[in-house]
Amino acid sequence: MPPVPDLPGRGGELRLHDTAENRTRVTTPGPVARMYVCGITPYDATHMGHAFTYVTFDLINRVWRDAGHEVHYVQNVTDIDDPLLERAVATGQDWRAIADRETALFREDMTALNVLPPRDYIGAVESIPSVARHVEDLQEQGAVYAVDGDLYFRVSRDAAFGSLSGLNREEMIRIFAERGGDPGRDGKEDPLDCLVWQSARPDEPAWNTSLGHGRPGWHIECTAIALDHLGMGFDVQGGGSDLVFPHHEMCAAEAQVLTGTAPFARHYVHSGMVAWQGHKMSKSRGNLVFVSQLRHEGIEPAAIRLALLAHHYRSDWAWTPQGLDGARERLALWRSAVDLASGPDAAPVLERVRVALADDLRTPSALDAIDAWCVSAASGTSADPAAPGLVRDLADGLLGVRLD
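I will try to describe carefully the structure that is included in this document. (Residues numbered from 1 in each chain as written. Predicted model: local features only at pLDDT ≥ 70, side-chain atom pairs only at ≥ 80, totals over all residues. Heavy atoms only, no water.)

Given a rise of 1.5 Å per residue, 18 residues ought to cover 26 Å, and the 26 Å separating the end C-alpha atoms of helix α10 (residues 321–338) matches this to within 8%. Those residues of α10 that fall on the buried side of the exposure criterion are Leu324, Ala327, Arg330, Leu331, Trp334, Arg335, Ala337 and Val338. With its buried residues spanning 160° around the axis, α10 presents them on a single face. Seen from the buried face of α10, the exposed residues on the opposite side, beyond 90 degrees, are Gln322 and Glu329. The secondary structure elements touched by the buried residues of α10 are α8 (291–296), α9 (301–309), α12 (363–379) and α13 (387–399). (Helix = DSSP H or I, 4+ residues; strand = E, 2+ residues; numbered from the N terminus. Expected span 1.5 Å × (residues − 1). Buried < 20%, exposed > 50% of the residue type's maximum accessible area, 1.4 Å probe, protein only. Arc of directions from axis to C-beta. Contact = heavy atoms within 4.5 Å.)

Put into structure tokens, the structure is as follows:
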């Protein structure tokens, strides 16, 4: 955990858009705010889509802390999954070596971008014993059945299934097929039932558990990790908008059936998609811009972060070299202003930034507020010697942009 500057006063209550209710409303954490954000599948990290997502939830972490909350942040890493195994076969590398390398690179990139680390960072592999216990509990409730040795969760057991995404059944089946599901598999009771345990396949890694020799399905991993470390009714479930369905819908259904209570999370928050070369950045398409690539080209991480913050977290947008150039210019403006011996009173800009971030993370407005202060400081019309230091601290503490 890097040091986070203490700012005078306290920030206000954080309002966030809730995907499940399709409206923006106040988050109401207790003294400890609890947040779970789905992590990477480590076979090709860290592109700008990843960076945009994790910077978004870093802002939530910072705004809560500024409001006086302790934050219990949990993130997973899906270090065993089909895409990782496919990459291992395609490259002739050991899947564990790929997972370890890409996870280390992701953590290095997050550190460079000044993203506060989670309290608990849990791999899918290390969660396998927990997954097995939770699947056994689902079996006892009659919520799991077998298809050729694989185990499936009956989504019909959750009366609220579908309420998070708001999709109709036809849309769910179509998207399920596109995002790792198998709606057409023979033997399933319902095309939307999801895999919770896959029996061992030839030449694929597998683990011995009470469920047999195999490995977990995708969704149950996050369900188990979140329940183990945060419990039900935690404050924010987060990730990119491509996780709304099926991943977050399935996780919520499994947890709600397991515990007999709802909701799994009190707020479902999703960041927008980042495009490049006319399409959403995706590993399958190969149109990726990597944080590590830019860093190796000499681009400062603070400029990369500013380029991300220029867009509201719920917007879909396109990465451009021009946007990065603008971020570098903004970084230079801010640094020159906070290096001055004095400047205009910074209390109003601190308040403007706090208000903007508390209102569903309106980062463009927050950046504009600091821009205006910097331009005024450059004019030399005001002389508060404490102001530059306060602006330096608020840029770091609230926006995660280091100016030193």
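We now examine the environment of leucine 164. Residue placement: leucine 164 occurs in the loop between β7 (150–153) and α5 (169–178). Separated by 82 residues in sequence, leucine 164 and proline 246 place their C-alpha atoms 9.9 Å apart. Once residues within four sequence positions are removed from consideration, leucine 164 is found in contact with Thr19, Ala20, Val244, His248, Glu249 and Tyr268.

Moving on: the pairing of strand β8 (residues 194–199). Of all six residues in β8, five are buried; the element is thus mostly enclosed. Sheet topology places β7 next to β8; three bridges connect them, and they run antiparallel. In the sheet register, tyrosine 152 faces β8, and the bridge partner there is leucine 195. Summarising the sheet, β8 and strand β10 (residues 212–216) pair through three bridges and their orientation is antiparallel. From the neighbouring strand, tryptophan 197 faces β10, where its bridge partner is proline 216. (Pairing = 2+ DSSP bridges.)

Let's shift gears to the pairing of strand β12 (residues 268–271). Going residue by residue along β12, you find Tyr268 and His270 tucked away on one face and Val269 and Ser271 tucked away on the opposite face as well. Of the pairings in the sheet, the one linking strand β11 (residues 236–240) to β12 comprises four bridges and is parallel in character. Across the sheet, residue glutamine 237 finds its bridge partner in β12, namely tyrosine 268. Since β11 and β12 lie parallel, the crossover through helix α7 (residues 244–259) that links them has a hand, and here it is right-handed. (Right-handed = clockwise from strand over helix to strand, strands pointing away.)

What follows is about the packing of aromatic side chains. Each pair of aromatic rings is reported with the distance of its centres and the angle of its planes. Taken as a whole and assessed by the stated rule, the structure comprises seven aromatic pairs. Relative to tryptophan 317, the ring of phenylalanine 52 has its centre 5.2 Å away and its plane inclined at 75°; by these criteria the two rings are edge-to-face. Linking phenylalanine 52 in helix α1 (residues 48–66) with tryptophan 317 in strand β15 (residues 317–318), this pair joins segments that are 265 residues apart in sequence. Taken together, the ring pairs connect Phe52, Trp317 and Trp319 into an aromatic cluster. (Phe/Tyr/Trp six-rings, centres within 6.5 Å; stacked < 30°, edge-to-face > 60°.)

If you walk across this open sheet you meet the five strands as β6-β7-β8-β10-β9, and the pairing is antiparallel. The open sheet has two free edges, formed respectively by β6 (144–147) and β9 (207–209), since each of these has just one partner strand. Strand-to-strand twist of the sheet, defined as the mean angle between neighbouring strand axes without regard to direction, takes the value 40°. (Axes fitted to C-alpha atoms, helices over the stretch in contact; angles between N-to-C directions.)

Moving on, we come to the pattern of salt bridges. Within the structure shown, the criterion is met by 29 salt bridges. Two residues, arginine 23 and glutamate 21, come together in a salt bridge whose shortest N-O distance is 2.7 Å. For the salt bridge of aspartate 182 with lysine 188, the shortest nitrogen-to-oxygen distance reads 2.9 Å. Accessibility expressed as a relative area gives 25% for aspartate 182, which makes it partly exposed. Where salt bridges share partners, they join Asp18, Glu21, Arg23 and Arg25 into one cluster. (Salt bridge = Lys/Arg side-chain N within 4 Å of Asp/Glu carboxyl O.)

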